[in-house]
Amino acid sequence: MRMIVAFVQPFMAPQVMQALHEVPELTGATFMDAKGFGRGRLTDAPTSEVLYGTADKVRVEIVVRDELEEMVVRAILEAAHTGNQGDGKVFVLPVDRAVRIATDEEGEDVV
């Protein structure tokens, strides 16, 4: 199993969600508001508890069987792409274990 974590522009989140709905056998995804900075951050911003120089993003998390990984990554890349700096990033991580809380069921059937 794999966890796909993507950070996309907020205005592209609806297109990403639609693209993911079109992936056969994909059972779900989580979308969360996030703030962060990357290569374009402000280097002379004052330091305090407020985050200066951050950009709004949407974090998308999806756990999939190995064979769906490429299809899901491709769907995100195509839906979120504008060609401009700040389009976002996609990360793929291994998932060692998944457990459904309601039934104690484990493994790929959980996703």
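Above: the structure in question.
Residues numbered from 1 in each chain as written. Predicted model: local features only at pLDDT ≥ 70, side-chain atom pairs only at ≥ 80, totals over all residues. Heavy atoms only, no water.

## Focus: the pattern of salt bridges
- As enumerated under the stated definition, the model contains 8 salt bridges in all.
- Lys-35 is the partner of Asp-56 in a salt bridge, and the nearest nitrogen-oxygen pair spans 2.5 Å. With a gap of 21 residues between them, Asp-56 in strand S3 (residues 55-64) and Lys-35 in strand S2 (residues 30-36) connect regions that are remote in the sequence.
- Residue classification places Asp-56 among the partly exposed positions, given a relative accessible area of 45%.
- Arg-97 serves as the salt-bridge partner of Glu-106, at 2.9 Å between the closest nitrogen and oxygen.
- On the basis of relative accessible area, Glu-106 is assigned to the partly exposed category, the value being 45%.
- Under the relative-accessibility criterion, Arg-97 is labelled exposed at 59%.
- Here the salt bridges share partners, and the residues they tie into one network are Arg-2, Asp-66 and Glu-69. (Salt bridge = Lys/Arg side-chain N within 4 Å of Asp/Glu carboxyl O. Helix = DSSP H or I, 4+ residues; strand = E, 2+ residues; numbered from the N terminus. Buried < 20%, exposed > 50% of the residue type's maximum accessible area, 1.4 Å probe, protein only.)

## As for the nonpolar core
- Formed by 20 residues in total, the largest nonpolar core has its most connected members in Val-8, Leu-20, Ile-62, Val-72 and Ile-76.
- Counting only elements with at least two residues in this core, the list comes to strand S1 (2-8), helix H1 (13-21), S3 and helix H2 (69-80).
- For this core, the element with the most residues is H2, which contributes 6 residues.
- Membership of the second largest hydrophobic core comes to 5 residues, among which are Met-1, Val-95, Val-110 and Val-111. (Core = buried A, V, L, I, M, F, W, Y, C linked by side-chain atoms within 4.5 Å.)

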